[in-house]
Amino acid sequence: MTDIETITVPRHLRGYPGVAFGGYIAGVLAGRAAAKTVRVDFRRPTPVEVPVGLTETAGGGAVLTGADGVLAVATPDELDLEVPEPPSWEAASAAAETYRAAPPEGAADCFGCGLDRTPDTGLRQHCGVVPGRDLVAAAWTAGPALADTEGKLRPELVWGALDCPGNAAGRLRGRLREGAVTASLTARLLRPVPVSSRLVSYAWVLSEEGRKHRVGVALATAGGDLCAVASALWVDLR
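In this report, we go over the structure that sits alongside the text.

Thresholds, definitions, all that
Residues numbered from 1 in each chain as written. Predicted model: local features only at pLDDT ≥ 70, side-chain atom pairs only at ≥ 80, totals over all residues. Heavy atoms only, no water. Pairing = 2+ DSSP bridges. Helix = DSSP H or I, 4+ residues; strand = E, 2+ residues; numbered from the N terminus. Contact = heavy atoms within 4.5 Å. Salt bridge = Lys/Arg side-chain N within 4 Å of Asp/Glu carboxyl O. Buried < 20%, exposed > 50% of the residue type's maximum accessible area, 1.4 Å probe, protein only.

### What to know about the pairing of strand β9 (residues 199-209)
Piece 1. The pairing of strand β7 (residues 136-140) with β9 spans five bridges and is antiparallel. Each residue of the ladder has a partner; that of Ala138, found in β9, is Ser201.
Piece 2. The sheet contact formed by β9 and strand β10 (residues 212-221) spans ten bridges and is antiparallel. Across the sheet, the residue bridging to Glu209 is Lys212, located in β10.

This is how it looks when you write it as structure tokens:
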């Protein structure tokens, strides 16, 4: 292992109360991994406003550790995923409006999908059902505050946009229960994402067995060009 870097996740980058947003954590770890496709396994919740240790590993991955042990691990991986055609901007906009009108029970002030977030304070992944399709989707734009120095959505936030849609797919198109957590997220970023551009996030259920729910997720431009793809494992709490 290499030297340990200390990071602290700001409070506004939370998922559930007091817990860092998983998609962001995955993106931070993936940014340290020596691979284009990375799998991140979540072992424990990462707290906000608490210093934790980030270390690159000899195998080209990274590990995040806290006072109680390992929090998350990133490893190089492959992603074999059949991605459906994205819904149109209009269809995704309508789906998002439907979601906001009647959100699932237990909605939190999550950086990824919080209903009160603005384009500068969250990703607004309000994925609702797309009629006639076995998927959920949201149309959205990222605000300038989420950009890097080149005006692109920061890579760790692109990872973030691949997290919450999977929960929506499981809740609205599958049997995922309220309070479920992301156990793993495997993703590949395909192209830079300009902030303030029109984007479509969408997700679909791949399989369900007991407490385990596997979903596919994609991020595309309004014109249909894929920006990132992912598969995730969500697990219902006991």
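### Some points on the environment of Asp163
Piece 1. On the secondary structure map, Asp163 appears in the loop between α3 (155-160) and α4 (164-173).
Piece 2. Each C-alpha atom of the pair Asp163 and Gly23 lies 5.1 Å from the other, and the pair is 140 residues apart in sequence.
Piece 3. Not counting residues up to four positions away in its chain, the partners in contact with Asp163 are Phe21, Gly22, Gly23, Thr182 and Trp234.

### With respect to the pattern of salt bridges
Piece 1. Here the structure, examined in full by the defined rule, presents eight salt bridges.
Piece 2. In this structure, the salt-bridge partner of Arg14 is Asp109, at a minimum N-O distance of 2.4 Å. Taken together, the residues span a long stretch of sequence, with Arg14 in the loop between β1 (5-7) and α1 (22-30) and Asp109 in the loop between α2 (89-101) and β6 (128-129) at a distance of 95 residues.
Piece 3. Note on Asp109: relative accessible area 35%, which makes it partly exposed.
Piece 4. Note that Asp41 and Arg39 form a salt bridge whose closest N and O atoms lie 2.8 Å from each other.
Piece 5. Its relative accessible area of 19% is what places Asp41 among the buried residues.
Piece 6. Here the salt bridges share partners, and the residues they tie into one network are Arg14, Asp109 and Arg117.

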